[in-house]
Amino acid sequence: MSAIVLSGVEKLVTMSPVLEKIGIKNIHFFNARNNDELSTPLVALVPFVDAVVLGEDAHFSPHIHRLIDEALARHIPVVAESCINEIEYLFKN
């Protein structure tokens with residue numbers, strides 16, 4: 001299983017063990033604390049991931065909104081960091 005994580009580095013460190021515990025072993029990280037533009041390759045990964053995870057510290061921007069829209073259009077779950085444990089059943093086989 002794989003996911004794109006949009007958060008700061010500190011939140012990624014705390015979320016990684018939880019994601020691995022529920023079976024997400026491939027994590028594609030974007031440091032959403034910076035106001036960098038999302039690269040085309042990251043947006044291109046959306047169809048191939050099982051979820052998009054939004055960290056509580058993510059700074060929303062038009063670029064992140066674009067990635068979320070892409071995920072929703074493809075029926076890929078977009079999950080807030082605070083809900084990871086509660087939606088564990090979505091990622092279990």
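Residues numbered from 1 in each chain as written. Predicted model: local features only at pLDDT ≥ 70, side-chain atom pairs only at ≥ 80, totals over all residues. Heavy atoms only, no water.

Visitor: So what's going on with the overall build of the protein? Which residues, and what values?
Guide: The helix and strand inventory of the protein stands at 4 helices and 4 strands. Secondary structure of the protein in N-to-C order comes out as β-α-β-α-β-α-β-α. The proportion of buried residues among the 93 residues of the protein is 41%. The contacts in the protein between residues at least 6 apart in sequence include a share of 71% that link residues at least 24 apart. Surface exposure of the protein reaches about 5300 Å², of which carbon and sulfur atoms provide 54%. (Helix = DSSP H or I, 4+ residues; strand = E, 2+ residues; numbered from the N terminus. Buried < 20%, exposed > 50% of the residue type's maximum accessible area, 1.4 Å probe, protein only. Contact = heavy atoms within 4.5 Å. Areas by Shrake-Rupley, 256 points an atom, 1.4 Å probe, with all protein chains shown as cover.)

Visitor: Give me the lowdown on helix H1 (residues 9-21), citing residues and values where you can.
Guide: With 13 residues, H1 extends 19 Å between its outermost C-alpha atoms, agreeing within 8% with the 18 Å of an ideal straight helix rising 1.5 Å per residue. Maximum bend of H1: about 35°, positioned at methionine 15, with proline proline 17 one to four residues after it. For H1, the complete set of buried residues consists of Leu12, Met15, Ser16 and Leu19. Elements in contact with the buried residues of H1: strand E1 (2-7), strand E2 (26-31) and strand E3 (51-54). Count one or two residues on from H1 and you reach glycine 23, which has phi positive near 105°. (Expected span 1.5 Å × (residues − 1). Bend = angle between axes of the 7 residues up to and from the residue.)

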